[in-house]
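Now for the letters of each chain:
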Amino acid sequence: MAEQLAPGLWRLNIPLEGNPLKNLNSFLITGERNLLIDTGFNQPACKRAMDDQLREIGADLNRTDIFLTHLHSDHTGLSTYLHRPGCAVFLSGTDAIRREEYSHEEIWRKKYASYVENGFTWEEMNWLWDSNPAKMEGPEPLDGGFDRLDDGAVLEYGGRKLRCILTPGHTPGHLCLYDACNGVLFSGDHVLFHITPNICRWEGVPDALGDYLESLDKVKDLPVKMLLPAHREETGDLRQRAEELKAHHAHRLDNAERIVAESPGLTAYEITGRMQWSIRARNWTEFPLTQKFFAVGEAMAHLDWLEVRGKVTHRLENGKIRYYSIDNHKGVD
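Residues numbered from 1 in each chain as written. Predicted model: local features only at pLDDT ≥ 70, side-chain atom pairs only at ≥ 80, totals over all residues. Heavy atoms only, no water.

**Q** Please clarify how the side chain of Asn34 should be interpreted in this entry.
**A** Within the secondary structure layout, Asn34 lies in strand S4 (residues 34-37). Only 3.2 Å separates the side chain of Asn34 from the backbone nitrogen of Gly31, close enough to count as a polar contact. The residues contacting Asn34, other than those within four sequence positions of it, are Leu28, Ile29, Ala59, Asp60, Arg63, Thr64, Asp65 and Tyr157. (Helix = DSSP H or I, 4+ residues; strand = E, 2+ residues; numbered from the N terminus. Polar contact = N/O pair within 3.5 Å; in protein donor to acceptor, adjacent residues only side chain to side chain. Contact = heavy atoms within 4.5 Å.)

**Q** Can you walk me through empty space enclosed by the protein in this structure?
**A** Over the atoms a probe the size of a water molecule is rolled, and this reveals where empty space is left. Tallied over the entire structure, the rule returns one cavity of 30 Å³ or more. Here the largest cavity defines a volume of roughly 30 Å³. Around the largest cavity, the lining residues are Asn25, Phe27, Ile37, Asp38, Thr69, Phe186, Ser187, Gly188, Leu228, Pro229 and Ala230. Only strand S3 (23-29), strand S11 (184-188) and strand S12 (226-229) provide two or more residues apiece to the lining of the largest cavity. Here the element with the most residues in the lining of the largest cavity is S11; it accounts for three residues. Among the residues making up the lining of the largest cavity, the classes are represented as six nonpolar, four polar and one charged. (1 Å grid on protein atoms, 1.4 Å probe; cavity = no way out; pocket = protein on both sides within 12 Å on 5 of 7 lines; lining within 4 Å. Points joined across faces, edges and corners; volume = space filled by probe spheres on them. Nonpolar A, V, L, I, M, F, W, Y, C, P; charged D, E, K, R; others polar.)

**Q** Just to check I follow, could you spell out helix H1 (residues 44-57) for this structure?
**A** An α-helix turns once every 3.6 residues. As a result, residues three or four positions apart point the same way. For H1, built from 14 residues, the straight-helix expectation of 20 Å at 1.5 Å per residue is met to within 8% by its first-to-last C-alpha distance of 20 Å. Among all positions in H1, only Ala45, Cys46, Ala49, Met50, Gln53, Leu54 and Ile57 are buried. Taken around the axis of H1, the buried residues stretch over an arc of 150 degrees, which confines them to a single face. Turned more than 90 degrees from where H1 packs its buried face, Pro44 and Arg55 sit exposed. Looking at the packing, one finds that the buried side of H1 touches strand S2 (9-15), S3, S4 and helix H3 (79-82). Looking one or two residues past H1, Gly58 carries a phi angle of roughly 85 degrees, positive in sign. (Expected span 1.5 Å × (residues − 1). Buried < 20%, exposed > 50% of the residue type's maximum accessible area, 1.4 Å probe, protein only. Arc of directions from axis to C-beta.)

Pasting the structure below:
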């Protein structure tokens, strides 16, 4: 059921079946025109939950615009299904370009080939081809494309002025929405509680993790009375959680740097298997393959951070990218 958080503000609980994220918090601001924030996967369970809760609230999609905090399929998947003529579907310009590219299979072939270079097998990638929700449960192409937003853009719905805050890291164009007058921050996947946002390597982004850590500093001092993350119901103090997330990544960076120093020449896949993860699996072999995909992406973001700062380096050897600490690499021809 939809939950009313304040006059004209609702939280819709969208289940993400079979996904460890468990749910998406979609938010609806009602007024002369409505604003729906994030949508869920393009899958039947999400459609049913969204339809039922919009009907419960009495929301008219013909006067409902959609705001997508970022490009991931669990946030954008139903955007085309819910869109009505004359309504807007907002997304940052950066993420709009990438989201539109993801409808082309050659983009996924290049991405999967890069993951093979980093240690996966083609057998694993071929299995993921038709099972990865990031690829399979995204939105249908949107006629006319997305309505693109820049950092600092202001939207007005339900008597609220909502400022877009560009917070790259989780995706290159992730946007938070900040209602300064009411002290409300819709944090998307930028700040989560109980679980940590996945920060992975992005094509064309030298240091996604560095971007994320800077983005945490960008929002952590905002006066916030109500912090509304996109997953789980847990919430808390913004500054405290930002510092906890920074400490989490500092620990993971130390972990990755130590592994590279102690075992030079490993692939990102092998390094990931030796890192510490909070997942219900006894060992790396038992990790679900989809979770391996996201874990390796995150490990690569940490390796990029270390490489940008001159702590590790990589070499392409027999079709695989292998990592060395700078000291170890000096002795390698």
